[in-house]
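# Coordinates in review
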Amino acid sequence: MQKKLVVLYALVLLAFVVLSARLVWIIRENETNYQKQVLSQQMYSSTTIPFRRGSIVDAKGTTLATSEKVYNLVIDAKVMTTKVKDEMKYLEPTLQALGENFDLDMDEIRAYVANNPKSSWYVPLRRLTYEEISGFQEAAQAENSNIKGVWFEEEYKRVYPYGSLAADVIGFTTTDSVGKFGLEEYYNDVLNGINGREYGYLNDDLALERTVKSAVDGYNIHSTIDANLQMIVEKYLKKFNDEYKDKARTGNGAENVGCVIMRVNTGEVLAMASYPTYDLNDTRNPQAMIGSRMVEQVTNANGYYEIKKTNTIIDDAVIAEMDEDQLFVNLNYLWKNYCVTDTYEPGSTAKPFTVAAALEQGAIAPNTSLECTGKLEIGGYEIKCHGSAQGWLSLEDAVATSCNVCMMKIAQLLGKEDFCKFQQVFNFGLKTNVDLAGEARTASLIYTADKMGPTDLATNSFGQNFNVTMIEMITGFCSLINGGYYYEPHMVNKITNASGATVKNIEPRVLKQTVSESTSALIRQYCRAVVTSGTGTSAKTPGYSVGGKTGTAETIDPITNKRSETEYVVSFIGCVPADDPEIAIYVVVDRLNADKQDNARVATVLTRSILMEALPYLNIFMTEPVTEAEQAELEALQLEITTHYTQPPEGSDPENPEGGTPGEGGNDPEGGEGGEGGEGSGMRNAPWMEYPIDPETGYRIGPDQRKYDAQTGIPVEGGESVPNVNIPLNPNLLQ
């Protein structure tokens, strides 16, 4: 008996050994196949946990762009049609709740569920707010509820609380959180986070196992933009457009109008705006394009795509005829930031740079005087001043009266090698590297010394035949007036994480010194004379000392490839206070909607309007006496601001006087370094002084019947640029 038990035990043990060996072989040879079979019999769920894109806030913490959680309605027909004891007890209660709580075509929903009973993913509604889904959720969570087969997928929607405010600066995002234009694009990787994921499955014991990898939210960026100041700028750009809209032709008040305000001693951009603009919450609304000139995409001779303007002004009828490609091209043109992407000839705003370069190089001295003969012949071409011959002028008077002849003579003394060298010093032709997407490259749009002829040097001296961007000009100008320090312009000064901790501080960065302090002081003096007694008197702001320079430049006719005699870009670049600047402002008006476009006064008056409201807000104190008329104007402005929130912005358009009273200034009659002189000092024998004064207008009338200011001799009508269509153009400007 004992022997039989031993044999039986041995047989059982042998069977276990054989079975174990077989099991090991099966696992080794077919492990993957068996794993797939087991896993296929279990229930899994894998849900993406979206990250929250970081916010964009202004200098004072006001939210300009943020991400709000929204919900996509997902219908799981497989669960909804599940039978319990051969009955679909979830179907009708769920469909009834959907119909009661959402704006859905229930016939379409019923048809989809009936035709796709095994579907687990159908999204009839997207981006619902919590308030929109809360009613359904309450019904689903009620006791004994039979609402099944509906769930809500979470995601984030980009929201811009102030609509079109700072649209050029902020930019926008696509539905998949990819930034387009502005800060949204430039800081896309900073603002974006990393998606998380939740994994879940039912194990063999039917217990739910979960693994969660949390999402990492994006960083917040703190802009240097001041939302209140930005509102002020945009308000006056809108008023400007309303004033000139449809004035001489159908369309907006100008092709483009731009304004940038920058802190002189840090490079921080406080406000940046252009018109026309668009609503960041409705970027594809074509109504924002109405009044603009239609553009088209063409292939140039080199086989590259380029954008060309047409003569068609966009209206509802034009929009209706656009196909999708045309619509996108024109919207894309609208979305661009004019202040950093468009280039143009700066005109006479470049004259302080010419004078500064010559002073710094020693080509001229502070007491240098130059004779304005009204015109010069250079390289076989006659190039005129914008007015008549003015006689001998000091440097201050040459800048104040915007004399082209004096600038050409200064450039000749400087020489083309040093002129081109200082253009590089002032960063013309180089990107400023401002932290905004789409900054234009201008390297090919300026001359190098080996390709510059005498006529090119002459026209460059007063800001023609080379192109710049607005950000390029104002950044260089700040270095001229702040002691020579060139700060890298920037739009963001801090980056924080989702909990508010600082990740990175972005400090002002000095890149180089462009001019000496002594040269900078002289440029400030000359720029102040422009506003007190020169071409920029209408920029004088009540209570403040303003310095700056006006500019006028002809555009280039794309058909003739010559300078237009009717279309101009006018501008004013200025600083406040004039003697110790805190801020700089740059206003550009591209092709005003008026019969005569060549009057920089429209830019100075617009600048004055912005400064009158902006300077008190910035706590820049008044230093100049205020006349009774100016006091009345300030009180009227204050009343308008006070009633702003109780009356529509269009309800009252305050009077805008045509300019301040010119102050005294100028160099002494002998052409010394400066000081307080009498009216017209340095221009004692200017021919315009002999012109008769019209008793009706008070202007001097020249032989050409042109009107001149009786005190300064500055032409009342017309700009600072006198076109000569025969002067050769920089060929790169024609591309």
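Thresholds applied
- Residue numbers restart at each chain and count upward from 1, following the sequence in its written direction.
- Owing to the predicted nature of the model, reporting of local features is limited to residues with pLDDT of at least 70; listing and counting of side-chain atom pairs is limited to 80 or more, with chain, interface and lining totals taken over all residues.
- Water and hydrogen atoms were dropped before computing side-chain values, which therefore reflect all heavy atoms in the structure.
- Secondary structure counts use DSSP, requiring at least four H or I residues in a row for a helix and at least two E residues in a row for a strand, with both numbered from the N terminus.
- The contact definition used throughout considers only heavy atoms, calling two residues in contact when any of these lie within 4.5 Å.
- The Shrake-Rupley method, run with a 1.4 Å probe, gives the accessible areas here. Residue values count only the displayed protein chains as cover.
- Between N-to-C directions, angles span 0 to 180 degrees; the directions come from axes that are lines fitted to C-alpha atoms, helices contributing only their stretch in contact.
- For classification, angles of less than 35 degrees are called roughly parallel, those exceeding 145 degrees roughly antiparallel, those between 65 and 115 degrees roughly perpendicular, and all remaining angles oblique.
- Left-handed describes a crossing whose near helix is turned anticlockwise from the far helix by less than a right angle; the clockwise case is right-handed.
- Put simply, two rings from Phe, Tyr or Trp (the six-membered ring, in Trp's case) pair if the centres are within 6.5 Å, and we call them stacked under 30 degrees between planes, edge-to-face over 60, tilted for the rest.
- For the exposure calls, accessible area comes from a 1.4 Å probe over protein chains only, and a residue counts as buried if that area is under 20% of its type's maximum, exposed if over 50%, partly exposed in between.
- The predictor attaches a confidence to each residue, called pLDDT, with possible values from 0 through 100.
- Whether two strands pair depends on DSSP finding at least two bridges between them.
- The rule for a salt bridge is simple: a side-chain nitrogen of Lys or Arg has to be within 4 Å of a carboxyl oxygen of Asp or Glu.
- Only Asp, Glu, Lys and Arg are considered charged in this grouping, and only Ala, Val, Leu, Ile, Met, Phe, Trp, Tyr, Cys and Pro are considered nonpolar; every other residue, Gly among them, is considered polar.

## Description of the overall build of the protein
Scanning the protein from N- to C-terminus turns up 21 helices and 27 strands. Relative to all contacts within the protein whose residues are 6 or more apart in sequence, the contacts with residues 24 or more apart total 70%. Carbon together with sulfur atoms contributes 50% to the accessible area of the protein, which is approximately 35300 Å² in total.

## Quick look at the packing of helix α16 (residues 416-425) against helix α17 (residues 454-461)
Relative to each other, α16 and α17 sit at 45°, their axes nearing to 11 Å. On the basis of their axis angle, the class for α16 and α17 is oblique. Our pair here, α16 against α17, has a crossing hand that is left-handed. Each of Lys416, Phe419 and Gln423 in α16 lies in contact with α17, whose residues at this interface are Leu457, Asn460 and Ser461.

## Regarding the packing of aromatic side chains
For the structure on display, the rule yields 19 aromatic pairs. Residues Phe172 and Trp335 carry aromatic rings whose centres are separated by 5.0 Å and whose planes lie at 70° to one another, so their mutual orientation is edge-to-face. Of this pair, Phe172 sits in strand β6 (residues 172-173) while Trp335 sits in helix α11 (residues 324-335); the two residues are 163 residues apart in sequence, bridging distant segments of the chain. One exposure class covers both Phe172 and Trp335, and it is buried. Ring centres of Phe428 and Phe466 lie 5.8 Å apart, and the angle between their planes is 40°; this geometry places the pair in the tilted category. Note that Phe428 is positioned in the loop between α16 and α17 and Phe466 in the loop between α17 and α18 (470-481), a separation of 38 residues in sequence.

## Here we look at the confidence of the model for the protein
Put simply, the protein has an average pLDDT of 85, and 84% of its residues get 70 or more. Note that pLDDT drops below 50 for residues 38-43; the model gives that stretch eight contacts with residues more than four away or on any other chain. Here residues 648-685 is modelled with pLDDT under 50, and outside its nearest four sequence neighbours on either side it reaches 80 contacts, counting other chains as well.

## A few points about the sheet that holds strand β11 (residues 254-263)
Strand order in the open sheet formed by five strands is β12-β11-β25-β24-β23, and the pairing between neighbours is antiparallel. Each edge of the open sheet carries a strand with a single partner, namely β12 (269-275) and β23 (547-556). Between one strand and the next, the sheet's axes are offset by a mean angle of 10°, whatever the strand orientation. As judged from the six bridges shared by β11 and β12, these two strands associate in the antiparallel manner. Bridge pairing in β12 links Cys259 to Ala273. Against the sheet, helix α20 (residues 601-617) touches β11, β23, β24 (563-576) and β25 (583-592), its axis set at about 140° to β25.

## Looking at the pattern of salt bridges
Following the criterion strictly, the structure yields 25 salt bridges and no others. A salt bridge links Arg53 to Glu184, with the shortest nitrogen-to-oxygen separation between them at 2.9 Å. Placement of the pair is Arg53 in the loop between β1 (44-49) and β2 (56-57) and Glu184 in helix α7 (residues 182-186), with a sequence separation of 131 residues. Note on Arg53: relative accessible area 2%, which makes it buried. Looking at Glu184, the relative accessible area reads 0%, which means it is buried.

## Brief notes about the packing of helix α13 (residues 351-361) against α18
Between α13 and α18, the shortest axis-to-axis distance is 11 Å and the interhelical angle comes to 45°. Judged by the angle between their axes, α13 and α18 are oblique. The handedness of the crossing between α13 and α18 comes out as left-handed. Across the interface between the two elements, Pro352, Phe353 and Ala356 of α13 pack against Met473, Gly476, Phe477 and Leu480 of α18. In terms of residue class, the contact of α13 with α18 is made up of six nonpolar, one polar and no charged.

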